[in-house]
Amino acid sequence: MATKKKAAKKAAKKPAKKAAPKKAAKKAAPKKAAPKKAVKKPAPKKAAPKTKSARKPNAAFMRALTPSSTLAGVIGSSAVPRTEAVKKIWDHIKKNNLQDSANRRMINADEKLRPLFGKDQISMFDLAKILSKHLS
């Protein structure tokens, strides 16, 4: 109750504020920019058409490497580039259905791949790392 009385006293002491009358602001008319003179741009010079050559493979990838005896049991004993070695391993994996059916990222080893991998199952992302140990 005491707070109501204090609030009433404060309201009675202060005169009510009146809103200040709004002045009508004059808006200045927007200035128009002077029309620009049309300047002719010189036609862009035509560059000589580039001859599109076939993409050159990186020489390091195409260098023939000799497989180790364990790898030679899977891909053959002839020297092959690293890319071809990976391709032949994948051909062997797909031909013998060695990808894990539940997790396709995993490769199950058969009798030929077990000595190469060193375990029964590897990730496909480890395949290049394992192959690098067996190519020289």
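So, a few notes on the structure that sits alongside this text. (Residues numbered from 1 in each chain as written. Predicted model: local features only at pLDDT ≥ 70, side-chain atom pairs only at ≥ 80, totals over all residues. Heavy atoms only, no water.)

Before going further, it helps to spend a moment on the overall build of the protein. Counting its regular elements, the protein contains six helices and two strands. In the protein, the succession of α and β elements from N to C terminus is α-α-α-α-β-α-β-α. Considering only contacts in the protein between residues 6 or more positions apart, those separated by 24 or more positions represent 30%. Here the protein has roughly 12,400 Å² of accessible surface; of this, 58% comes from carbon and sulfur atoms. (Helix = DSSP H or I, 4+ residues; strand = E, 2+ residues; numbered from the N terminus. Contact = heavy atoms within 4.5 Å. Areas by Shrake-Rupley, 256 points an atom, 1.4 Å probe, with all protein chains shown as cover.)

A separate point is helix H4 (residues 82-95). Between its first and last C-alpha, H4 extends 20 Å over 14 residues, near the 20 Å set by a 1.5 Å rise per residue. Those residues of H4 that sit buried are Ala85, Ile89, Trp90, His92 and Ile93. Within H4, the buried residues cover an arc of 155 degrees as seen down the axis, which keeps them to one side. Structural note: H4 exposes Lys94 and Lys95 on the side pointing more than 90 degrees away from its buried face. On its buried side, H4 packs onto helix H3 (69-75), strand S1 (106-108), helix H5 (114-117) and helix H6 (127-134). Just downstream of H4 lies asparagine 97, where phi reads positive at about 55 degrees. (Expected span 1.5 Å × (residues − 1). Buried < 20%, exposed > 50% of the residue type's maximum accessible area, 1.4 Å probe, protein only. Arc of directions from axis to C-beta.)

We now examine unusual backbone geometry. Although it is not a glycine, asparagine 97 adopts a positive phi angle of roughly 55 degrees. Assessed through its relative accessible area of 61%, asparagine 97 is described here as exposed.

By size, the foremost hydrophobic cluster in this structure holds 20 residues, and its most contacted members are Ile89, Ile93, Leu113, Phe117 and Leu127. Where this core is concerned, the elements lending two or more residues are H3, H4, H5 and H6. With four residues, H4 is the largest single contributor of residues to this core. With residues near it in sequence (within four places) discarded, isoleucine 89 still touches Leu71, Val74, Ile75, Leu113, Leu116, Leu127 and Leu131. (Core = buried A, V, L, I, M, F, W, Y, C linked by side-chain atoms within 4.5 Å.)

Turning next to the pattern of salt bridges. Tallied over the entire structure, the rule returns one salt bridge. Among the salt bridges present, the one from arginine 114 reaches aspartate 120, with a minimum N-O distance of 2.8 Å. (Salt bridge = Lys/Arg side-chain N within 4 Å of Asp/Glu carboxyl O.)

A few words now on the environment of isoleucine 107. With respect to the helices and strands, isoleucine 107 occurs in strand S1. With 17 residues separating them along the chain, isoleucine 107 and tryptophan 90 place their C-alpha atoms 9.9 Å apart. Sequence-distant contacts of isoleucine 107, defined by excluding residues within four places in its chain, comprise Trp90, Ile93, Leu98, Phe117, Asp120, Gln121, Ile122, Met124 and Leu127.

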